[in-house]
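# Fold and contact review
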Amino acid sequence: MIQVAILGATGSIGQSTLDVIARNPDQYQVFAVSGHQRLAELLDICKKFQPQLAAVPEEKAVYFQEQLLAAGCSTEVVAGKEGLQALASTPEVEVVVAAIVGAAGLLPTLAAIKAGKRILLANKEALVMSGALFMDAVKTHQAVLLPIDSEHNAIFQCLPADFAKRSFAEQGIEKLLLTASGGPFRGWSKESLQAVTPAQAIAHPNWSMGQKISVDSASLMNKGLELIEACWLFSVQPQQIEVVVHPQSIIHSMVSYLDGSVLAQLGNPDMRTPIAHALAWPERIPAGVEALNLITSTALTFEKPDEDAFPCLKLARQAFEAGGTAPALLNAANEVAVAAFLAQQINFTQIPEVISQVLEVSTIQAANDLEFLLSEDQRANQLAASIIQNFH
Ligand SMILES: NC(=O)C1=CN([C@@H]2O[C@H](COP(=O)(O)OP(=O)(O)OC[C@H]3O[C@@H](n4cnc5c(N)ncnc54)[C@H](OP(=O)(O)O)[C@@H]3O)[C@@H](O)[C@H]2O)C=CC1
Ligand SMILES: CC(=O)[C@@H](O)[C@H](O)COP(=O)(O)O
Ligand SMILES: [Mn+2]
């Protein structure tokens, strides 16, 4: 029986993971879960899956333990950030699903890496902000890193099995084709984007996801973060990645080879597919996802991204090229700007403005020390907040 810890069990990825595990009860057991604000949902998860451990914020730990006891659950509560990191590195756990949103996921994911776990990575922000530190830790601690972000999982499936052992040139790989849906505002002009509401921005055309990633998809920052994520995961440069807008989200990404072959992974847009793939890799398990019917499927179309109306993609590419702390600053500024947009404090087109300003006034430094990186993340958060204040 494979024991699984789900960091961010109450979220969209967490719920999809629980669904896949529930379909494969002979192979997987939920050993540990974490939640942050949605503790009623976490209690339901504990009642259903009876995990050994549940991590919650420090101030809610006593109350949540009482709730568990009242519900007849023997789940033990671990508290706060330390509890979450301990949970991620518990010896009994073999697989850790990194599904916390944003920078808050970095330390628990690193704890799982340092404990040599199989990491199913959804939390792209953690990798974007810490890049080389993250990948070095994977190597040093012989963790197994499997992407469940749908595009990266697709690329992983289209690459040779031993892709990490040889250069792309030796393997005849020309480039990665990273698909983007284009989000709910695809085709909109810069001017018309100014007045869009949070409700419009989180209404993704194809995927049901948490609010932050939905806004990122709408601004194309999700694709910018994914471009950086792909650079680290597959050891490529941004010039080896072409972003292709594919509004139907049926092709989840592709690999183009020198002989003219383009390998693609297709499927209905449902995160249970990449989650099941990575849980079982190199085997396959059922995910509860309906097989793609190409006869009844809609036509597949492709177009170029509009980087003028959606400057976040360009900003992310530039941040990766600048290196050092730049991607962490980009990520921090984006997190603050997205939260401000969702709280209706800024408009949608001010998201890239906040990020540009944070990057412009910051000195980019080496990012090889975790403590320093975390302090820069905090500094960029504060800087972004003060830039937003000055908008008013
Ligand atoms: N949803 C999707 O289809 C995809 C998501 N991803 C990535 O996966 C990650 C999760 O996304 P998604 O599931 O959509 O997001 P959700 O908002 O649905 O879930 C986020 C999870 O993180 C927890 N969380 C939030 N803040 C904190 C914190 N400060 N400390 C600890 N836990 C916290 C939440 O707890 P609570 O709910 O209890 O507050 C929740 O469990 C993101 O990085 C996203 O980019 C990648 C590809 C696809
Ligand atoms: C499901 C998933 O992996 C998301 O990252 C999704 O790809 C978002 O879609 P777009 O960012 O392409 O709109
Ligand atoms: Mn994705």
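Our structure is the block above this text.
The structure contained in this document is the topic of the report that follows. Bear in mind that the values here come from a model prediction, so they are computed numbers and not experimental data. (Residues numbered from 1 in each chain as written. Chains lettered and ligands numbered in written order. Predicted model: local features only at pLDDT ≥ 70, side-chain atom pairs only at ≥ 80, totals over all residues. Heavy atoms only, no water.)

## Focus on the pairing of strand E3 (residues 53-56)
Residues of E3 alternate between two faces, with Leu-53 and Ala-55 on one and Ala-54 and Val-56 on the opposite face, all of them buried. Judged from the three bridges that link them, strand E2 (residues 28-34) and E3 form a sheet pairing that is parallel. Pairing of Ser-34 across the sheet is with Ala-55, part of E3. On the question of chirality, the crossover connecting E2 to the parallel E3 by way of helix H2 (residues 39-49) is right-handed. Pairing between E3 and strand E4 (residues 76-79): four bridges, direction parallel. Within E4, the position partnered with Val-56 by the bridge is Ala-79. The parallel pair E3 and E4 is bridged by helix H3 (residues 61-70), and the resulting crossover is right-handed. (Buried < 20%, exposed > 50% of the residue type's maximum accessible area, 1.4 Å probe, protein only. Helix = DSSP H or I, 4+ residues; strand = E, 2+ residues; numbered from the N terminus. Pairing = 2+ DSSP bridges. Right-handed = clockwise from strand over helix to strand, strands pointing away.)

## Quick word on the site of ligand 1
Of all residues adjacent to ligand 1, which total 23 residues, the nearest are Thr-10, His-36, Gln-37, Arg-38 and Glu-125. Interatomic distance of 3.3 Å between a backbone N/O atom of Gly-8 and an oxygen atom of ligand 1. In the environment of ligand 1, an oxygen atom lies 3.5 Å from a nitrogen or oxygen atom belonging to the backbone of Ala-122. Put simply, the parts of the chain that give the shell around ligand 1 at least two residues each are helix H1 (12-23) and helix H6 (124-140). Class assignment of the residues belonging to the shell around ligand 1 gives a composition of 10 nonpolar, nine polar and four charged. (Near = heavy atom within 4 Å. Polar contact = N/O pair within 3.5 Å; in protein donor to acceptor, adjacent residues only side chain to side chain. Nonpolar A, V, L, I, M, F, W, Y, C, P; charged D, E, K, R; others polar.)

## Overview of H1
For H1, with 12 residues, the first-to-last C-alpha span of 17 Å sits near the 16 Å given by 1.5 Å per residue. Those residues of H1 not exposed but buried are Ile-13, Gly-14, Ser-16, Thr-17, Leu-18, Val-20 and Ile-21. Elements that come into contact with the buried residues of H1 comprise strand E1 (2-7), E2, H2, strand E5 (95-98) and helix H12 (272-280). (Expected span 1.5 Å × (residues − 1). Contact = heavy atoms within 4.5 Å.)

In short, shape yes, function no, at least from these values alone.
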